[in-house]
Amino acid sequence: MSFRTKKSLGQHFLHDGNIIRKIADAIPAKTGDRVIEIGPGTGALTRELLNRFEDIQVIEIDQRAVEVLNEEFPDLIIHQQDVLKTNWDDLISKTGDTYVVGNLPYYITSPILFSVLEKRDFFKEALFMMQKEVAERLVAEHSSKEYGILSVQTQLMSEPEILFDVSRHSFSPPPRVTSAVIRLRFNKPELPFKDETMKKVVRTAFNQRRKKLSNALKPLLGKELPEGFNYDDRAEHWSPETYAKLSERLEQTDSIS
Ligand code: SAM
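Numbers given for residues are sequential positions, taken from 1 along each chain in its written order. Owing to the predicted nature of the model, reporting of local features is limited to residues with pLDDT of at least 70; listing and counting of side-chain atom pairs is limited to 80 or more, with chain, interface and lining totals taken over all residues. As a rule here, side-chain values come from all non-hydrogen atoms in the structure, and water together with hydrogens is ignored.

Some thoughts on the overall build of the protein chain
Helical segments are the DSSP runs of H or I of at least four residues, strand segments are the runs of E of at least two, and each set is numbered from the N terminus. Regarding its fold elements, the protein chain presents 11 helices and nine strands. The C-alpha radius of gyration of the protein chain comes to 20 Å, within 12% of the 18 Å expected for a compact globule of 257 residues. Taken over the C-alpha atoms alone, the protein chain extends approximately 65 × 40 × 30 Å along its principal axes. With a 1.4 Å probe rolled over the protein chains alone, any residue whose accessible area is under 20% of its type maximum counts as buried; one over 50% counts as exposed, and the rest are partly exposed. Across the 257 residues of the protein chain, 50% fall into the buried class. Whether two residues are in contact is decided by their heavy atoms: any pair within 4.5 Å suffices. Within the protein chain, contacts between residues at least 6 apart in sequence are counted, and of these 65% link residues at least 24 apart. Radius of gyration here is computed from C-alpha atoms only, and the compact-globule reference equals 2.2 Å multiplied by the residue count raised to the power 0.38.

Things to note about the pattern of salt bridges
Any Lys or Arg side-chain nitrogen located within 4 Å of an Asp or Glu carboxyl oxygen qualifies as a salt bridge. Evaluated as defined, the whole model comprises 20 salt bridges. Note that glutamate 236 is salt-bridged to arginine 209, the shortest N-O span being 3.9 Å. In this pair, glutamate 236 is assigned in the loop between α10 (218-221) and α11 (240-252) and arginine 209 in the loop between α8 (195-207) and α9 (213-216), connecting sequence segments 27 residues apart. Classification of glutamate 236 by relative accessible area gives buried; the value is 17%. In the salt-bridge network here, residues are joined through shared partners; they are Glu125, Glu159, Glu161, Arg183 and Arg185.

A word on the site of the ligand
By nearness alone, 23 residues border the ligand, and Leu14, Gly39, Glu60, Asn103 and Tyr107 come closest of all. Here a polar contact is recorded for every N or O atom pair within 3.5 Å, except that within protein the pair must consist of a potential hydrogen donor and a potential acceptor, and residues adjacent in sequence are included only if both atoms are side-chain atoms. A distance of 2.9 Å separates an oxygen atom of the ligand from a polar atom in the side chain of glutamine 11. One nitrogen or oxygen atom from the main chain of proline 40 is found 3.4 Å from a nitrogen atom belonging to the ligand. Per-residue and other accessible areas were derived by the Shrake-Rupley procedure at a 1.4 Å probe size, with only the shown protein chains allowed to occlude residues. Taken by itself the ligand offers 590 Å² of open surface, and the protein chains cover 99% of this. Of all elements in the fold, only β1 (13-14) and β3 (56-60) reach the threshold of two or more residues within the shell around the ligand. The class makeup of the residues in the shell around the ligand is 12 nonpolar, seven polar and four charged. Put simply, a residue is near a molecule or strand once any heavy atom of it comes within 4 Å of that molecule or strand. Residue type decides the class: Asp, Glu, Lys and Arg count as charged, Ala, Val, Leu, Ile, Met, Phe, Trp, Tyr, Cys and Pro as nonpolar, and the leftover types, Gly among them, as polar.

A look at the domain arrangement of the protein chain
By a widespread convention, an interface's size corresponds to the accessible area lost as its parts come together. Assigned domains of the protein chain: these are domain 1 (7-185) and domain 2 (195-253). Start and end positions for the domains come from either an automated domain assignment or a database one. For domain 1 versus domain 2, the separation of C-alpha centres amounts to 32 Å. Facing 12 residues of domain 1, the contacting portion of domain 2 comprises 16 residues. The term buried area denotes the loss of accessible surface (1.4 Å probe radius) that occurs when two parts are joined, taken as the sum for both partners. Across the domain 1/domain 2 interface, buried area totals approximately 1,200 Å², and carbon plus sulfur atoms make up 66% of it. Considering only the side of domain 1, the residues that lose the most area to domain 2 are Tyr147, Ile149 and Leu156, jointly responsible for 39% of the buried surface there. Inspection of the region where domain 1 meets domain 2 yields one salt bridge. Between aspartate 195 and arginine 120 there is a salt bridge, with the nearest N and O atoms lying 2.9 Å from each other.

Following this line, the structure appears as C-alpha coordinates:
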(Lines give C-alpha, C1' and ligand atoms only; values in the text may rest on other atoms or scores of the structure.)
Protein backbone atom coordinates (compact mmCIF):
# COMPACT_ATOMS: atom_id res chain seq x y z
CA MET A 1 0.00 0.00 0.00
CA SER A 2 1.43 3.41 -0.87
CA PHE A 3 0.59 6.02 1.74
CA ARG A 4 2.61 9.16 2.29
CA THR A 5 2.84 9.52 6.04
CA LYS A 6 2.51 13.00 7.52
CA LYS A 7 4.99 13.95 10.19
CA SER A 8 2.71 16.75 11.37
CA LEU A 9 0.09 14.14 12.36
CA GLY A 10 2.61 11.96 14.19
CA GLN A 11 2.16 9.17 11.67
CA HIS A 12 4.45 6.27 12.53
CA PHE A 13 2.75 3.08 11.49
CA LEU A 14 3.35 -0.25 13.20
CA HIS A 15 4.62 -3.00 10.93
CA ASP A 16 5.77 -5.49 13.58
CA GLY A 17 3.18 -8.26 13.77
CA ASN A 18 4.54 -9.47 17.06
CA ILE A 19 4.03 -6.09 18.76
CA ILE A 20 0.57 -5.72 17.22
CA ARG A 21 -0.43 -9.11 18.68
CA LYS A 22 1.06 -8.23 22.08
CA ILE A 23 -0.99 -5.03 22.24
CA ALA A 24 -4.19 -6.87 21.31
CA ASP A 25 -3.36 -9.65 23.81
CA ALA A 26 -3.23 -7.03 26.57
CA ILE A 27 -6.86 -5.91 26.05
CA PRO A 28 -9.14 -7.97 28.31
CA ALA A 29 -12.40 -6.94 26.57
CA LYS A 30 -15.19 -9.51 26.69
CA THR A 31 -18.26 -10.11 24.55
CA GLY A 32 -20.46 -7.03 24.81
CA ASP A 33 -17.58 -4.65 25.56
CA ARG A 34 -16.46 -1.89 23.19
CA VAL A 35 -12.92 -1.11 22.08
CA ILE A 36 -12.27 2.43 20.84
CA GLU A 37 -9.04 2.95 18.93
CA ILE A 38 -7.48 6.41 18.76
CA GLY A 39 -5.54 7.09 15.55
CA PRO A 40 -5.91 3.84 13.58
CA GLY A 41 -3.97 5.25 10.61
CA THR A 42 -4.19 2.67 7.83
CA GLY A 43 -5.33 -0.05 10.21
CA ALA A 44 -2.29 -2.06 11.33
CA LEU A 45 -3.68 -2.56 14.83
CA THR A 46 -7.32 -2.22 13.77
CA ARG A 47 -7.12 -5.40 11.68
CA GLU A 48 -5.98 -7.40 14.72
CA LEU A 49 -8.66 -5.80 16.91
CA LEU A 50 -11.35 -6.70 14.38
CA ASN A 51 -10.16 -10.31 14.39
CA ARG A 52 -10.61 -10.52 18.14
CA PHE A 53 -13.34 -8.16 19.29
CA GLU A 54 -16.83 -7.60 17.97
CA ASP A 55 -17.50 -3.96 18.88
CA ILE A 56 -14.79 -1.63 17.58
CA GLN A 57 -14.98 2.09 16.82
CA VAL A 58 -12.09 4.25 15.69
CA ILE A 59 -11.26 7.98 15.75
CA GLU A 60 -8.99 9.24 12.98
CA ILE A 61 -8.41 12.81 11.81
CA ASP A 62 -6.72 12.15 8.46
CA GLN A 63 -9.20 11.94 5.58
CA ARG A 64 -6.71 9.92 3.49
CA ALA A 65 -6.36 7.29 6.21
CA VAL A 66 -10.15 7.19 6.61
CA GLU A 67 -10.48 6.39 2.90
CA VAL A 68 -8.06 3.48 3.26
CA LEU A 69 -9.93 2.21 6.32
CA ASN A 70 -13.29 2.46 4.57
CA GLU A 71 -12.01 0.41 1.71
CA GLU A 72 -10.29 -2.23 3.84
CA PHE A 73 -12.95 -2.54 6.53
CA PRO A 74 -16.33 -1.51 5.05
CA ASP A 75 -18.25 -2.31 8.26
CA LEU A 76 -15.95 -0.45 10.65
CA ILE A 77 -17.45 2.53 12.50
CA ILE A 78 -15.06 5.42 11.85
CA HIS A 79 -15.33 8.84 13.48
CA GLN A 80 -13.38 11.22 11.32
CA GLN A 81 -12.51 13.89 13.83
CA ASP A 82 -9.91 15.35 16.16
CA VAL A 83 -9.69 13.08 19.19
CA LEU A 84 -9.28 16.16 21.40
CA LYS A 85 -12.73 17.34 20.31
CA THR A 86 -14.36 13.97 20.86
CA ASN A 87 -17.46 13.90 22.96
CA TRP A 88 -16.74 10.65 24.80
CA ASP A 89 -20.34 10.38 26.07
CA ASP A 90 -21.45 9.67 22.50
CA LEU A 91 -18.89 6.95 21.91
CA ILE A 92 -18.82 4.78 24.98
CA SER A 93 -20.80 1.55 25.22
CA LYS A 94 -24.13 1.98 27.00
CA THR A 95 -24.33 -1.71 27.86
CA GLY A 96 -20.80 -3.09 28.31
CA ASP A 97 -17.40 -1.81 29.40
CA THR A 98 -15.37 0.48 27.16
CA TYR A 99 -11.64 0.10 26.53
CA VAL A 100 -9.66 2.82 24.79
CA VAL A 101 -6.47 1.89 22.96
CA GLY A 102 -4.05 3.50 20.55
CA ASN A 103 -0.61 3.99 19.21
CA LEU A 104 -0.87 7.68 20.03
CA PRO A 105 0.20 10.60 17.88
CA TYR A 106 3.09 11.70 20.09
CA TYR A 107 2.66 15.44 19.55
CA ILE A 108 -0.57 15.32 21.58
CA THR A 109 0.10 12.48 24.03
CA SER A 110 -0.43 14.60 27.17
CA PRO A 111 -3.70 16.26 26.09
CA ILE A 112 -5.12 12.88 25.04
CA LEU A 113 -4.08 11.44 28.35
CA PHE A 114 -5.67 14.27 30.31
CA SER A 115 -8.90 14.03 28.33
CA VAL A 116 -9.17 10.29 29.03
CA LEU A 117 -8.21 10.71 32.71
CA GLU A 118 -10.85 13.37 33.11
CA LYS A 119 -13.48 10.99 31.73
CA ARG A 120 -12.11 7.95 33.56
CA ASP A 121 -15.57 6.92 34.78
CA PHE A 122 -16.40 6.07 31.17
CA PHE A 123 -13.59 3.57 30.69
CA LYS A 124 -12.50 0.29 32.17
CA GLU A 125 -8.89 0.63 30.96
CA ALA A 126 -6.72 2.54 28.53
CA LEU A 127 -3.86 0.89 26.66
CA PHE A 128 -1.58 3.40 25.00
CA MET A 129 1.66 3.35 23.09
CA MET A 130 3.68 6.47 23.78
CA GLN A 131 7.27 7.64 24.04
CA LYS A 132 9.00 5.54 26.66
CA GLU A 133 10.18 8.68 28.40
CA VAL A 134 6.60 9.90 28.88
CA ALA A 135 5.44 6.45 30.04
CA GLU A 136 8.20 6.50 32.65
CA ARG A 137 6.96 9.85 33.92
CA LEU A 138 3.46 8.44 34.38
CA VAL A 139 4.68 5.66 36.69
CA ALA A 140 7.51 7.61 38.37
CA GLU A 141 7.81 7.44 42.15
CA HIS A 142 8.08 10.59 44.18
CA SER A 143 11.58 11.98 44.71
CA SER A 144 12.73 10.53 41.37
CA LYS A 145 13.82 12.85 38.60
CA GLU A 146 10.98 11.77 36.27
CA TYR A 147 8.33 12.61 38.89
CA GLY A 148 6.10 15.57 38.08
CA ILE A 149 2.58 16.82 37.36
CA LEU A 150 1.81 13.96 34.97
CA SER A 151 2.86 11.38 37.56
CA VAL A 152 0.75 12.80 40.38
CA GLN A 153 -2.39 13.23 38.30
CA THR A 154 -2.11 9.88 36.52
CA GLN A 155 -1.45 7.98 39.74
CA LEU A 156 -4.33 9.61 41.61
CA MET A 157 -6.76 8.99 38.76
CA SER A 158 -5.65 5.52 37.65
CA GLU A 159 -3.32 2.64 38.27
CA PRO A 160 -0.61 2.93 35.58
CA GLU A 161 1.66 0.04 34.57
CA ILE A 162 4.27 -0.13 31.80
CA LEU A 163 3.76 -3.41 29.94
CA PHE A 164 6.66 -3.51 27.47
CA ASP A 165 9.02 -1.38 25.40
CA VAL A 166 8.79 -1.12 21.63
CA SER A 167 11.81 -0.50 19.44
CA ARG A 168 11.71 2.40 16.99
CA HIS A 169 12.29 -0.16 14.24
CA SER A 170 8.83 -1.62 14.76
CA PHE A 171 7.41 1.48 13.01
CA SER A 172 7.62 2.96 9.60
CA PRO A 173 8.88 5.55 9.39
CA PRO A 174 10.77 4.96 12.67
CA PRO A 175 10.32 7.67 15.30
CA ARG A 176 13.46 9.05 16.95
CA VAL A 177 12.88 7.42 20.30
CA THR A 178 11.94 4.12 21.93
CA SER A 179 8.28 3.68 22.77
CA ALA A 180 6.44 1.81 25.50
CA VAL A 181 2.96 0.39 25.94
CA ILE A 182 1.28 1.42 29.15
CA ARG A 183 -1.93 0.26 30.78
CA LEU A 184 -4.06 2.60 32.89
CA ARG A 185 -6.63 0.83 35.05
CA PHE A 186 -9.50 3.01 36.14
CA ASN A 187 -10.31 1.07 39.26
CA LYS A 188 -9.74 3.69 41.96
CA PRO A 189 -12.53 4.82 44.26
CA GLU A 190 -13.91 8.27 43.49
CA LEU A 191 -11.63 11.04 44.76
CA PRO A 192 -13.07 12.99 47.71
CA PHE A 193 -12.29 16.34 46.02
CA LYS A 194 -12.77 17.94 42.64
CA ASP A 195 -10.17 17.14 39.95
CA GLU A 196 -9.85 20.89 39.43
CA THR A 197 -8.77 21.46 43.04
CA MET A 198 -6.07 18.80 42.86
CA LYS A 199 -4.85 20.06 39.49
CA LYS A 200 -4.52 23.60 40.87
CA VAL A 201 -2.56 22.39 43.90
CA VAL A 202 -0.22 20.20 41.87
CA ARG A 203 0.37 22.77 39.14
CA THR A 204 1.11 25.49 41.67
CA ALA A 205 3.51 23.24 43.59
CA PHE A 206 5.48 22.15 40.53
CA ASN A 207 5.42 25.57 38.95
CA GLN A 208 8.31 26.45 41.24
CA ARG A 209 9.71 23.02 41.85
CA ARG A 210 13.06 24.23 43.19
CA LYS A 211 11.43 26.21 45.98
CA LYS A 212 10.25 24.89 49.31
CA LEU A 213 6.53 24.21 49.24
CA SER A 214 5.94 26.94 51.85
CA ASN A 215 6.97 29.37 49.11
CA ALA A 216 5.81 27.49 46.03
CA LEU A 217 2.24 27.14 47.35
CA LYS A 218 1.97 30.81 48.41
CA PRO A 219 0.15 31.94 45.24
CA LEU A 220 -2.62 29.50 46.13
CA LEU A 221 -2.63 29.45 49.92
CA GLY A 222 -1.06 32.72 51.03
CA LYS A 223 0.34 32.31 54.50
CA GLU A 224 -2.49 30.07 55.74
CA LEU A 225 -0.86 26.68 55.40
CA PRO A 226 -3.02 23.81 56.70
CA GLU A 227 -1.33 21.87 59.50
CA GLY A 228 0.07 18.39 59.17
CA PHE A 229 2.17 18.82 56.03
CA ASN A 230 5.90 19.31 55.62
CA TYR A 231 6.26 22.56 53.71
CA ASP A 232 10.06 22.44 53.94
CA ASP A 233 9.90 19.75 51.24
CA ARG A 234 10.01 20.51 47.54
CA ALA A 235 7.19 19.55 45.16
CA GLU A 236 8.81 16.32 43.99
CA HIS A 237 9.09 14.98 47.56
CA TRP A 238 5.38 14.80 48.20
CA SER A 239 3.65 11.57 47.21
CA PRO A 240 0.41 11.64 45.19
CA GLU A 241 -1.42 10.73 48.42
CA THR A 242 -0.04 13.84 50.16
CA TYR A 243 -1.31 16.04 47.31
CA ALA A 244 -4.66 14.26 47.63
CA LYS A 245 -4.75 14.90 51.38
CA LEU A 246 -4.02 18.60 50.94
CA SER A 247 -6.64 18.93 48.18
CA GLU A 248 -9.24 17.30 50.40
CA ARG A 249 -8.34 19.50 53.36
CA LEU A 250 -8.54 22.68 51.27
CA GLU A 251 -12.01 21.80 50.08
CA GLN A 252 -13.20 20.82 53.57
CA THR A 253 -12.03 24.14 54.97
CA ASP A 254 -13.26 26.11 51.96
CA SER A 255 -9.74 27.46 51.47
CA ILE A 256 -9.72 27.20 47.70
CA SER A 257 -11.95 28.77 45.10
N1 SAM B 1 -2.55 2.99 14.73
C2 SAM B 1 -1.68 3.16 13.58
C3 SAM B 1 -0.52 2.23 13.68
O4 SAM B 1 -0.20 1.82 14.80
O5 SAM B 1 0.08 1.90 12.66
C6 SAM B 1 -1.22 4.61 13.43
C7 SAM B 1 -0.61 5.24 14.65
S8 SAM B 1 0.13 6.83 14.34
C9 SAM B 1 1.36 6.85 15.61
C10 SAM B 1 -1.03 8.03 15.00
C11 SAM B 1 -2.33 8.19 14.23
O12 SAM B 1 -3.10 9.21 14.88
C13 SAM B 1 -2.19 8.63 12.80
O14 SAM B 1 -2.98 7.82 11.97
C15 SAM B 1 -2.70 10.08 12.76
O16 SAM B 1 -3.30 10.45 11.53
C17 SAM B 1 -3.72 10.04 13.88
N18 SAM B 1 -3.95 11.37 14.49
C19 SAM B 1 -3.07 12.40 14.61
N20 SAM B 1 -3.64 13.45 15.23
C21 SAM B 1 -4.92 13.07 15.51
C22 SAM B 1 -6.01 13.73 16.14
N23 SAM B 1 -5.89 14.98 16.63
N24 SAM B 1 -7.18 13.07 16.25
C25 SAM B 1 -7.32 11.79 15.78
N26 SAM B 1 -6.31 11.12 15.17
C27 SAM B 1 -5.12 11.74 15.04
